[in-house]
Every structure is written in structure tokens, then in C-alpha cells.
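Breakdown of the fold
Here are the chains, one letter per residue:
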Amino acid sequence: RRATPKQRGRMATTADFRNGMIIEIDGDLWTIAYFQHVKPGKGGAFVRTKLKNVLNGAVVDRTYRAGEKVNDVRLERRPVNYSYTDGNLYHFMDANTYDMIPISGDLLGEDQLKYLKENMACEGLVYDGKVISVELPQFVELQVKQTDPGLRGDTAQGASKPAVLETGAVIQVPLFIEEGDRLKIERKEDKYLSRVNA
């Protein structure tokens, strides 16, 4: 494992933490999946994090002292398109070079896989000139495969029902949504945003 050139990472502190940020620890790249600032009654403040290894998908919990420095890594991004799956490997085509890039399902994570659709345009995260991971778009448009019919005249404000999308993901939708509707969804929050006119 070779040391990464200094200019690639910049120093950041726990105050800069955000979900999706990539930091380097002992030569490995980790993405922040979750973090929480904690101010106990006595003793110093600290930050609890859940980190996911960018290369193998392993998840660890780690605690940082408030203000502790970390090496923030900025990855280049390039467009890739999802092509097909083969066992636990998901193959993406580099939109620039047309190379096929296999990424493991563990690395993509269940939260992304449930929204992944054929030919979906995604972003490849590039490190040392190589795509090491893929990120789906924040907003996805998918069709409703199955949902109960809404009751006529049921205008209860904020009432919702589950809907199964074409990829198998299940989200809560308003009662007027019907099978076959195309929906715009905020993927990270599993949240219905609007109906899309086909």
C-alpha cells in the first residue's frame, strides 16, 4: 500500500463532517455514512461516526474528539451508466472510455441497490485514475409497480400508503398515487417528491 500524495487530501476537522464525505485513515478511504455531535454534561464534546470502507464496504463505528483533524479526500467524479448485474457484481460503463467497471453489491450498499435501474446515469468516484465506487443520483424517477388503490373521497391530509417501485424499493406515497405512475424520489431519504408526467 503506498502512501497517498499529500496534495490529494486536505486537513479538515470534525466541524466539517457531512454525510458522504470521504476521509483517509491509515491509507484506506472511508466515507462518512452517519455522524452525530455529542456534548456530554461533563467532559469534552465528541463526534460519533459510522464509517464505510470505500473499497470493501466494511462498516465501523468510530468516535472523534470535537475539533480533531482528519484527512479529507476529494475524489474526482466521472459519468458512468449501469449496464447489468452478474451475481454480486454490478457492471457500469464509463461514459468517456466505454470501459466496463465491476462494482460489488456490498460496496454499493442496500440503500443504493434498491433504486438501481438499467441504464441509470450514475457518478463514478475516481481515485488514482481508477473508478473505485459508484454513487446513484440523489433524485431518481421510477414507476410504481404495485400499490393499493386510493379510496375515493379520502382526502385525509398527509395520509399515505406503501408503494412498490419497479426496482423493488418500497416507499410511502400519497393516497392518489396509482400503479403505473412515475414518481420522483429523494433516494437518500426514501422520500416521495412528486408525480412525473410521462
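Residues numbered from 1 in each chain as written. Predicted model: local features only at pLDDT ≥ 70, side-chain atom pairs only at ≥ 80, totals over all residues. Heavy atoms only, no water.

1. Describing the overall build of the protein chain
Broken down by element type, the protein chain carries two helices and 16 strands. Each principal axis of the C-alpha atoms in the protein chain carries an extent, and together these give about 60 × 55 × 25 Å. By residue count, 38% of the 198 residues in the protein chain fall in the buried class. Long-range contacts, defined here as pairs at least 24 residues apart, represent 46% of the contacts in the protein chain between residues at least 6 apart. (Helix = DSSP H or I, 4+ residues; strand = E, 2+ residues; numbered from the N terminus. Buried < 20%, exposed > 50% of the residue type's maximum accessible area, 1.4 Å probe, protein only. Contact = heavy atoms within 4.5 Å.)

2. Focus: the side chain of Thr31
Among the structural elements, Thr31 can be located in strand β3 (residues 28-38). A polar atom in the side chain of Thr31 sits 3.4 Å from the backbone oxygen of Gly20. (Polar contact = N/O pair within 3.5 Å; in protein donor to acceptor, adjacent residues only side chain to side chain.)

3. Concerning the pairing of strand β6 (residues 69-73)
Burial within β6 is extensive, with four of its five residues counted as buried. Sheet analysis places strand β2 (residues 22-25) next to β6, joined by two bridges and oriented antiparallel. Each residue of the ladder has a partner; that of Ile23, found in β6, is Asp72. (Pairing = 2+ DSSP bridges.)

4. Quick look at the pattern of salt bridges
Tallying each qualifying case throughout the model produces 11 salt bridges. The shortest N-O distance in the salt bridge between Arg182 and Glu141 comes to 3.8 Å. With Arg182 in strand β15 (residues 182-186) and Glu141 in strand β12 (residues 139-147), the pair connects residues that are 41 residues apart, well separated along the chain. Given the relative accessible area of 37%, Glu141 is considered partly exposed. Here Arg195 and Asp181 are joined by a salt bridge, their closest N and O atoms 3.4 Å apart. Here the residue Arg195 occupies a position in strand β16 (residues 191-196), and Asp181 occupies one in the loop between β14 (170-174) and β15, the gap between them amounting to 14 residues. You can call Arg195 partly exposed: its relative accessible area is 40%. Through salt bridges with shared partners, a single network forms among Arg10, Asp72 and Arg74. (Salt bridge = Lys/Arg side-chain N within 4 Å of Asp/Glu carboxyl O.)

5. Let's talk about the sheet that holds β15
Across the sheet, five strands lie side by side as β14-β13-β12-β15-β16; this open sheet has antiparallel pairing. Taken across any chain shown, the strands that pair with only one partner, and hence form the sheet edges, are β14 and β16. Across the sheet, the mean angle from the axis of one strand to that of its neighbour is 55 degrees, orientation sign disregarded. (Axes fitted to C-alpha atoms, helices over the stretch in contact; angles between N-to-C directions.)

6. Some remarks on the pairing of strand β4 (residues 46-53)
Taken together, the eight bridges between β3 and β4 define a ladder with antiparallel strand orientation. Within the sheet, the bridge partner assigned to Ile32 lies in β4 and is Leu51. In this structure, β4 lies alongside strand β5 (residues 59-65), joined through seven bridges in antiparallel fashion. Following the sheet pairing, Thr49 is matched in β5 by Arg62. The hairpin formed by β4 and β5 contains five residues between the paired strands, and Gly57 there has a positive phi angle of roughly 80 degrees.

7. Points about the environment of Leu108
Position of Leu108 relative to the elements: it lies in helix α1 (residues 105-108). What makes Leu108 buried here is its relative accessible area of 1%. Setting aside chain neighbours within four positions, we find Leu108 in contact with Lys52, Tyr90, Phe92, Ile103, Leu113 and Val134.

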